[in-house]
Amino acid sequence: MIRDVYLKMCPCRDLLDMVASKWTALVIGDLEDGPKRFGELKRRLEGVSQKMLTQTLRTLERDGLVTRTVYPSVPLRVEYELTELGRSVTEPLAALRLWAQKNYESVAEARETFDSADPIGLEPAAAR
């Protein structure tokens, strides 16, 4: 079967949506350095809720990008680690994170210009 993400019914769209998620990109980036416990990930990813991090990790595990290992200790110790498939997406996601950091000011400036313009593009909002 030919896969074409531009087609409405392409099943790859679901995968693209998951990989393009902010939290997916950040979790995978943090796991590039090796296995991490949930608490380590939560501390590193400022602003992520426990619920969102849990959902993201479950999705990544379900999709085969992350493994979850439970160590029988008291208390239980759980670690998350990238699989080979997960490591295969680290390079493109790293490039995307770097692009976002490098181009933030330009995008913020463009947003400010757009937001201050007349809705139909005739004059800046301040001139009205």
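As the structure is a computational prediction, the values presented were derived from the model and not from experiment.

*Asks:* So what's going on with the sheet that holds strand β3 (residues 77-82)? Residues and values would help.
*Replies:* The three strands lie next to each other as β1-β3-β2, forming an open sheet whose pairing is antiparallel. Every other strand in the sheet has two partners, leaving β1 (36-37) and β2 (66-71) as the edge strands with one partner each. In terms of strand pairing, β2 meets β3 through six bridges, oriented antiparallel. Looking at the pairing, Thr 69 lines up with Glu 79 of β3.

*Asks:* Give a detailed account of helix α4 (residues 50-62), specifying residues and quantitative values.
*Replies:* The end-to-end C-alpha separation of α4 is 18 Å, in line with the 18 Å expected for 13 residues at 1.5 Å each. Buried within α4 we find Leu 53, Thr 56, Leu 57 and Leu 60. For α4, the buried positions fall inside an angular range of 95° around the axis, keeping them on one side. Exposed and oriented more than 90 degrees from the buried face of α4 are Lys 51, Arg 58 and Arg 62. Looking at the buried side of α4, the elements it contacts are α1 (12-19), α2 (22-31), α3 (38-44), β2 and β3.

*Asks:* Can you explain the environment of Asp 4? Please cite residues and give values.
*Replies:* Along the chain, the position of Asp 4 falls in the segment before α1. For the pair Asp 4 and Asp 33, spaced 29 residues apart in the sequence, the C-alpha separation amounts to 33 Å.

*Asks:* Go over the side chain of Glu 79, please, and point to the residues and values.
*Replies:* Residue placement: Glu 79 occurs in strand β3. Residues in contact with Glu 79, not counting those within four places in the same chain, are Pro 35, Lys 36, Arg 37, Thr 67, Arg 68, Thr 69 and Tyr 71.

*Asks:* With reference to specific residues and values, describe the packing of α2 against helix α6 (residues 90-116).
*Replies:* Contact geometry of α2 with α6 gives a least axis separation of 10 Å together with a crossing angle of 115°. One finds that α2 runs roughly perpendicular with respect to α6. Of the two possible hands of crossing, α2 and α6 adopt the one that is left-handed. Of α6, the residues touching α2 (which contributes Ala 25, Leu 26, Ile 28 and Gly 29) are Thr 90, Leu 93 and Arg 97. Per-class residue counts for the contact of α2 with α6 are four nonpolar, two polar and one charged.

*Asks:* Could you give an account of the UniProt feature "domain: HTH hxlR-type" (unreviewed entry) in the chain, with specific residues and numbers?
*Replies:* The positions that UniProt labels "domain: HTH hxlR-type" (unreviewed entry) are, in the present scheme, residues 10-108. With 63% helix and 14% strand, residues 10-108 has end C-alpha atoms that lie 33 Å from one another.

*Asks:* Quick one: what's the story with the pairing of β3, residue by residue and with numbers?
*Replies:* Where β1 meets β3, two bridges bridge the pair, whose relative direction is antiparallel. Note that in β3 the partner of Arg 37 across the bridge is Glu 79. Between β2 and the antiparallel strand that follows it, β3, lie five residues.

Quick notes on the rules
- Residues numbered from 1 in each chain as written.
- Predicted model: local features only at pLDDT ≥ 70, side-chain atom pairs only at ≥ 80, totals over all residues.
- Heavy atoms only, no water.
- Pairing = 2+ DSSP bridges.
- Helix = DSSP H or I, 4+ residues; strand = E, 2+ residues; numbered from the N terminus.
- Expected span 1.5 Å × (residues − 1).
- Buried < 20%, exposed > 50% of the residue type's maximum accessible area, 1.4 Å probe, protein only.
- Arc of directions from axis to C-beta.
- Contact = heavy atoms within 4.5 Å.
- Axes fitted to C-alpha atoms, helices over the stretch in contact; angles between N-to-C directions.
- Parallel < 35°, antiparallel > 145°, perpendicular 65-115°, else oblique.
- Left-handed = near helix turned anticlockwise from the far one by under 90°.
- Nonpolar A, V, L, I, M, F, W, Y, C, P; charged D, E, K, R; others polar.
- UniProt positions renumbered as here; feature names shortened; annotations may be inferred.

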